[in-house]
Amino acid sequence: RNPVDPSEYVTTDSSGNLYITGVNGSGAARIDQSPFSQFIPQSRDENNAFVPAARWSHNGQYVAFIVAGRKLANDGVWVFSPGRSAPQQLLVDCPSAGFPGCSIVSNPYDPDLWESRALAWSPNNDAILVSVHLNAENRDGLIVLPLGQSYNTRPNVYRYDYGSWSLDGSRILVSGRSVDGHEYVGWINRDGTFSELVFDSEANGLWMGFAHQANG
């Protein structure tokens, strides 16, 4: 549901087609601009632009979504403003060696393989925190993706299992396994530099993940 307009929704069907709808699916309008086709795919297998995740910005102006068709260089993160601007790719995925997207990224290394899994908008709507799986390393990571990011240059990947925005959007609260494999809860800056240790869960015999900053 659009956080500003409760009568507007973004949704997908079982074939991974993306729609903007009203309440209970009324007035459903399928997005048929690139990376989507004007011809409606009837199954996940034939959908080159299968969408597994979508998220409204907090101001209700933008929708970010992930394409995971596993066929074309369209895979990755896209953003658009419904009724105002066409989808624009911000991040190209490289989920496996030789995948089409790998060859159009200017820095397909460290890591060599990455696959977008989840999205979280910054509180001020200027960037998207992308949770990625690093297939060659069998672990997860984070990418801070600014609006306007050139799709063929992948931002740095921060090797933390989980991340969430600070309330002011200036930092990211990370948890679970960190860069060196140690498990803790801490703050990093948007550029990935370490800011502050909150709790050393591993030293205290605990595993802690999915950490979020409390309101108030």
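Described below are features of the structure shown in this document. (Residues numbered from 1 in each chain as written. Predicted model: local features only at pLDDT ≥ 70, side-chain atom pairs only at ≥ 80, totals over all residues. Heavy atoms only, no water.)

Points about the state of the cysteines
Selection rule: To count as a disulfide, a pair of cysteine sulfur atoms needs to be within 2.5 Å. Only protein chains enter the accessibility calculation, which uses a 1.4 Å probe; a residue is then buried when its area is under 20% of its type maximum, exposed when over 50%, and partly exposed in between.
Enumeration according to the criterion identifies one disulfide in this entry. The disulfide partner of Cys94 is Cys102, and the S-S distance across this bridge is 1.9 Å. Note on the Cys94 and Cys102 pair: the S-S dihedral is about 95°, so by sign convention the disulfide is right-handed. Given a relative accessible area of 2%, Cys94 falls into the buried group.

A look at the environment of Arg190
The cut-off we apply is this: Runs of H or I in DSSP of at least four residues are treated as helices and runs of E of at least two as strands, each being numbered from the N terminus. Between N or O atoms, a polar contact is any pair within 3.5 Å; within protein, one atom must be a potential hydrogen donor and the other a potential acceptor, and residues adjacent in sequence are included only when both atoms are from side chains.
In this structure, Arg190 sits in the loop between β13 (185–189) and β14 (194–199). In this structure, the C-alpha to C-alpha distance between Arg190 and Arg171, residues 19 residues apart in sequence, is 5.6 Å. A polar side-chain atom of Arg190 sits 2.9 Å from the main-chain carbonyl oxygen of Gly169.

What to know about the sheet that holds β13
Filter applied, for reference: At least two DSSP bridges between two strands are required for those strands to pair. Angles run from 0 to 180 degrees between N-to-C directions of axes, and those axes are lines fitted to C-alpha atoms, restricted for helices to the stretch in contact.
Pairing is antiparallel in the open sheet, where four strands are placed in the order β11-β12-β13-β14. Only two strands of the sheet have a single partner each, and these edge strands are β11 (162–165) and β14. Strand-to-strand, the axes of this sheet are offset by a mean angle of 25°, without reference to chain direction. Note that β11 and strand β12 (residues 171–175) share four bridges and pair antiparallel. The residue bridging Ser164 from the neighbouring strand is Leu173, located in β12.

Some remarks on the layout of surface pockets
Basically, it comes down to this: Here the term cavity refers to a set of points on a 1 Å grid, laid over the protein atoms alone, in which a 1.4 Å probe fits but cannot get out; the term pocket refers to an open set having protein on both sides within 12 Å along at least five of seven lines, with lining residues being those that place an atom within 4 Å of a point. Grid points are joined across faces, edges and corners, and a volume is the space filled by probe spheres set on the points. Polar here means any residue outside two lists: the nonpolar Ala, Val, Leu, Ile, Met, Phe, Trp, Tyr, Cys and Pro, and the charged Asp, Glu, Lys and Arg; Gly therefore counts as polar.
Approximately 340 Å³ is the volume found for the largest pocket. Lining the largest pocket are 17 residues, and of these Ala120, Gly163, Ser164, Trp165 and His212 lie nearest its centre. Counting residues per element, the ones that place at least two in the lining of the largest pocket are β8 (115–121), β9 (127–134) and β11. In terms of residue class, the lining of the largest pocket is made up of ten nonpolar, seven polar and no charged.

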